Amino acid sequence: QVQLVESGGGSVQSGGSLRLSCVASGFTSSGYYMGWFRRAPGKQREGVAAIDNTGDTRYADSVKGRFTISQDNAKNTLYLQMNSLKPEDTAMYYCAADRFTWWLTPQYRYWGQGTQVTVSS
């Protein structure tokens, strides 16, 4: 069974930085494509960033230039480096995985439980 566990969330002042991590485990965790999503209270879940096995990436317009998605050498851990954080970035952040690259659409098969990011002004 594939399992995703996020970490690295917390509280930070506007303009600060956080680095989120997502560790994937399971028999078929290797070869999965992954992405980051977020959901703020009262808002729909939105795609933040995604990456395929060629290193191609896609970002939401609202975070492009500030966030960077990457994987470790073992292709087992996903990261989201978040710089120049804004209060509107406050949300629960989720990682997702699938054999197919869904990019920023919320159709991934596997989801983590989320890690909270709070940005104060």
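Notes on the structure follow. (Residues numbered from 1 in each chain as written. Predicted model: local features only at pLDDT ≥ 70, side-chain atom pairs only at ≥ 80, totals over all residues. Heavy atoms only, no water.)

A word on the overall build of the protein chain. Helices and strands together make up the secondary structure of the protein chain, namely zero helices and 11 strands. Mapped from its N terminus to its C terminus, the protein chain presents α and β elements in the order β-β-β-β-β-β-β-β-β-β-β. Each principal axis of the C-alpha atoms in the protein chain carries an extent, and together these give about 40 × 25 × 25 Å. Per-residue burial for the protein chain yields a buried fraction of 44% across its 121 residues. Long-range pairs, those at least 24 residues apart, make up 60% of the contacts in the protein chain between residues at least 6 apart in sequence. As displayed, the protein chain has an accessible area near 6,500 Å², and 46% of this comes from carbon and sulfur atoms. (Helix = DSSP H or I, 4+ residues; strand = E, 2+ residues; numbered from the N terminus. Buried < 20%, exposed > 50% of the residue type's maximum accessible area, 1.4 Å probe, protein only. Contact = heavy atoms within 4.5 Å. Areas by Shrake-Rupley, 256 points an atom, 1.4 Å probe, with all protein chains shown as cover.)

This brings us to the pattern of salt bridges. For the structure on display, the rule yields three salt bridges. For Arg38, the salt bridge goes to Glu46, with nearest N and O atoms at 2.7 Å. In this structure Arg38 comes out as buried when scored by relative accessible area, which is 6%. As a salt-bridge pair, Arg66 and Asp89 come within 2.8 Å of each other at their nearest N and O atoms. (Salt bridge = Lys/Arg side-chain N within 4 Å of Asp/Glu carboxyl O.)

Our focus in this paragraph is the pairing of strand S4 (residues 33-39). Most of S4 sits inside the fold, with six of its seven residues counted as buried. Pairing of S4 with strand S9 (residues 91-98), which is carried by seven bridges, proceeds in the antiparallel orientation. Note on S9: the bridge partner recorded for Tyr33 is Asp98. Across five bridges, the pairing between S4 and strand S5 (residues 46-51) is antiparallel. In the strand pairing of S5, Gly35 is matched with Ala50. With antiparallel pairing between neighbouring strands as the criterion, S4 and S5 make up a hairpin whose turn holds six residues, including Gly42 at a positive phi of roughly 80°. (Pairing = 2+ DSSP bridges.)

What follows is about the nonpolar core. Counting residues in hydrophobic clusters, the biggest one holds 30 residues, and the most contacted among them are Leu4, Trp36, Leu80, Met82 and Tyr93. Listing elements by their share of this core, those giving two or more residues are strand S3 (18-25), S4, S5, strand S7 (67-71), strand S8 (77-82), S9 and strand S11 (115-120). Once residues lying within four places of it in the same chain are set aside, the contact partners of Met82 are Gly16, Ser17, Leu18, Leu20, Arg66, Phe67, Tyr93 and Val117. (Core = buried A, V, L, I, M, F, W, Y, C linked by side-chain atoms within 4.5 Å.)

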